[in-house]
Structure formats: structure tokens, C-alpha cells
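Remarks on the overall topology
Below are the chains, spelled out letter by letter.
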Amino acid sequence: AVGKFRKAPHRRQPMAFAGMQLIYTVVTLSAAPLLYFFPSLHYLWLLFLVSFSTWNGSCFYFEVFSSRYEEQLKQLRLSAELADLATSTPQNST
């Protein structure tokens, strides 16, 4: 929707923004009376929001923390390889 503002002539961009904002406001607020007058619909909406938030949070958790865990494993593996390399090389006693 933002790209449509740039296609409008420069002096009409504020009016285009206001029109798009009006449409957005009407669409988003049109559900409010339905949710107010029908409690079961309201509860279903809340259940959807909680479910979606939980799903989104769990996806973020697994994505971020699994990548951090993999990075820690790489560092641990590298330090173990360096320790093995340091203990396996013969030391010259001169």
C-alpha cells in the first residue's frame, strides 16, 4: 500500500494517505460491534489471538535458541579439537 502513495502526484499524496487510512480504520473497526454483541465470537477471537501468539513465540524460540545452541556446539567442538591437537603433538625437549 505504501508504494501506491508514491505513484500519486506529489501534492495528492497526503489525500491518498488519508483515504487509505480511512479504509484501514473502517475495516479494522467493523469487527468491534460483532465482537461486542456476540460473546462467543469474542472468545473465539481471543482464542485465535492466544494460539497465534503462542505459535509465533514458539517458532521464534526454536529458531533463535537452536541457532545459539549450534554456535555453542561449534565453539565446543573447536576447543576440543584444539585441545586434542595440543596434547597430541610431541614436544621437543631441547
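Residues numbered from 1 in each chain as written. Predicted model: local features only at pLDDT ≥ 70, side-chain atom pairs only at ≥ 80, totals over all residues. Heavy atoms only, no water.

When helices and strands are tallied, the chain shows four helices and zero strands. Counting helices and strands in the order they occur from the N terminus, the chain gives α-α-α-α. Counting every position in the chain, which comprises 94 residues, the buried fraction comes to 3%. Split by element, the accessible area of the chain, about 9,000 Å² in all, is 68% carbon and sulfur. (Helix = DSSP H or I, 4+ residues; strand = E, 2+ residues; numbered from the N terminus. Buried < 20%, exposed > 50% of the residue type's maximum accessible area, 1.4 Å probe, protein only. Areas by Shrake-Rupley, 256 points an atom, 1.4 Å probe, with all protein chains shown as cover.)

Moving on, we get to a nonpolar patch on the surface. Residues Leu 34, Tyr 36, Phe 37, Phe 38, Leu 41, Leu 44 and Leu 47 make up a contiguous nonpolar surface patch of about 800 Å² in total accessible area. Within the residue set of the nonpolar patch, elements represented by two or more residues are α3 (31-37) and α4 (39-88). As for its placement among the helices and strands, Phe 38 is situated in the loop between α3 and α4. Using a relative accessible area of 46% as the deciding quantity, one classes Phe 38 as partly exposed. (Patch = residues over 30% accessible without salt bridge, like charges linked within 9 Å, V, L, I, M, F, W, Y side chains within 5 Å. Salt bridge = Lys/Arg side-chain N within 4 Å of Asp/Glu carboxyl O.)

All right, on to the confidence of the model for the chain then. Summing up the model confidence of the chain, the mean pLDDT is 87 and the portion of residues at 70 or higher is 87%. At the level of individual helices and strands, the chain shows its lowest average pLDDT in helix α1 (residues 2-7), which scores 62, and its highest in α3, which scores 94. (pLDDT = per-residue confidence, 0-100.)

With that settled, the discussion passes to the packing of aromatic side chains. Counted under the stated rule, the structure contains five aromatic pairs. An aromatic cluster of three or more residues is present, and its members are Trp 45, Phe 48 and Phe 52. (Phe/Tyr/Trp six-rings, centres within 6.5 Å; stacked < 30°, edge-to-face > 60°.)

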